[in-house]
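Residue-level structural notes
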Amino acid sequence: MIFVTKTYLPNKETYVEKINQIWDSHVLTNRGPMVLELESKISDFLETSLPLFVSNGTIALQLAIKAFELEGEIITTPFSYVATSSSIFWEGCKPIFADICKSSLCINPEKIEALITKNTSAILATHVFGIPCDVEKIEAIAQKHNLKIIYDAAHSFGVKLNGKSIFDYGDISTCSFHATKLFHTGEGGAIFCKEDELMKKIKLLHSFGHIVDDYYTVGINGKNSELHAAMGLCVLADMDIILEKRKIVASLYNSLLNLEKLKKPTINENVQYNYAYYPIILESEAIMTKVRNALIKNDIMPRRYFYPSLNTLSFYNTNFQCPVSESISSRILCLPYYPDLEPENINRIANIVNQNL
Ligand SMILES: *Cc1c(COP(=O)(O)O)cnc(C)c1O
């Protein structure tokens, strides 16, 4: 069986060696030495500010919303994983869905402005599949209307835009280090924010709102453990190889797939990409279903990332039309994609796709 992804596991002895250090220190959590080391190494690797390592990418989003004390309406993308809009809803705000761009699959800035009301407090946009949003236009809109910008950068580990880390854009960026993501710690996530005071507040919020015996505010437990940090340190050490291998898999797919009959999102020249996913957009939902069924029959499990379009979820009680997102959601598939996907299997997958277009 070939799944859409296969979690990268580092050398077991290297991991055990880290676990032995935990046995020696007897520190398992509460920002121990490995969590601090991981944060510092992530900041070096990405060439960005020090992140805060948290328990997952969803709590990272919730903490970002809480830190800004956001209320009312948050304009967001319908084309993302459900955690993006559910975090907004969970925090008592209303997700307002702006349609996406056909080429980047990210939120369309032209659609944002028309949705701004006196109740709008922020824009929460996803760099979907690691493809950067139109950050300049979003920044201009946010400045004009005094809105906060939060980027869900769950897919964007290692991405650079104009030579700068993608995590440098917006007021806060979040990442997920879930086992299915490009860089992972088993479960985990991070918050990136250049403003020291805000970062201090987030740190307080993620640790019950108190520092030892001084209680400041209502908080939550968003901390992550030394065991997860140990995994992260091992995976991070192999990151250059992981990225290199993913690039090779992508170029093999590119050369084998019939790209005349399927579309891929556009990645601009000013982006240093991380090869996070391999999405293909088929001509119709019927063709997508045909391709998907043919792959499944061969024990190959692609995923409908991202389906359904989030504006269609009834439990948000919203009613927004996002025709571009709805159309793309209905006919997109992410093909199996991981560093050790064998060339024979890439070939096999590409043939099955091509035969069913
Ligand atoms: C995975 C993901 C999340 C959630 O991250 P977890 O670490 O699984 O909580 C949020 N947003 C997007 C876009 C994701 O893909």
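Use the structure listed above.
The following refers to the structure shown. Just so you know, these numbers come straight off a predicted model, no measurement behind them.

1. Digging into the site of the ligand
Neighbouring the ligand are 15 residues, the closest being Thr58, Asp152, His155, Ser176 and Lys181. Contact between the ligand and His155: an oxygen atom at 2.7 Å from a side-chain N or O atom of the residue. Taken by itself the ligand offers 380 Å² of open surface, and the protein chains cover 92% of this. The set of elements that each furnish at least two residues to the shell around the ligand consists of α3 (57-67) and α4 (82-90). Here the shell around the ligand is composed, by residue class, of three nonpolar, ten polar and two charged.

2. Topic: the sheet that holds strand β9 (residues 189-192)
Across the sheet, seven strands lie side by side as β1-β9-β8-β5-β4-β2-β3; this open sheet has mixed pairing. In this open sheet, the two strands that pair with only one neighbour each are β1 (52-54) and β3 (94-97). The mean inter-strand angle of the sheet, taken between neighbouring strand axes irrespective of direction, is 25 degrees. Inspection of the sheet shows strand β2 (residues 73-76) paired to strand β4 (residues 120-126) by four bridges, in the parallel sense. Bridge pairing in β4 links Thr76 to Leu124. Running at roughly 140 degrees to β3, α4 makes contact with β2, β3, β4 and β5 (148-152) of the sheet. Relative to the sheet, helix α7 (residues 196-205) contacts β1, β8 (172-176) and β9, its axis offset from that of β1 by approximately 25 degrees.

3. Here's the deal with the pairing of β5
Summarising burial for β5: four of the five residues are buried, a large majority. Bridge count for β4 against β5 is five bridges, and the pairing is parallel. Residue pairing across strands places Leu124 opposite Ile150, the latter belonging to β5. Taken together, β4, helix α6 (residues 135-145) and β5 form a β-α-β motif whose crossover is right-handed. As paired elements, β5 and β8 share three bridges and run parallel to each other. Following the sheet pairing, Asp152 is matched in β8 by Thr174.

Calculation rules
Residues numbered from 1 in each chain as written. Predicted model: local features only at pLDDT ≥ 70, side-chain atom pairs only at ≥ 80, totals over all residues. Heavy atoms only, no water. Near = heavy atom within 4 Å. Polar contact = N/O pair within 3.5 Å; in protein donor to acceptor, adjacent residues only side chain to side chain. Areas by Shrake-Rupley, 256 points an atom, 1.4 Å probe, with all protein chains shown as cover. Helix = DSSP H or I, 4+ residues; strand = E, 2+ residues; numbered from the N terminus. Nonpolar A, V, L, I, M, F, W, Y, C, P; charged D, E, K, R; others polar. Pairing = 2+ DSSP bridges. Axes fitted to C-alpha atoms, helices over the stretch in contact; angles between N-to-C directions. Contact = heavy atoms within 4.5 Å. Buried < 20%, exposed > 50% of the residue type's maximum accessible area, 1.4 Å probe, protein only. Right-handed = clockwise from strand over helix to strand, strands pointing away.

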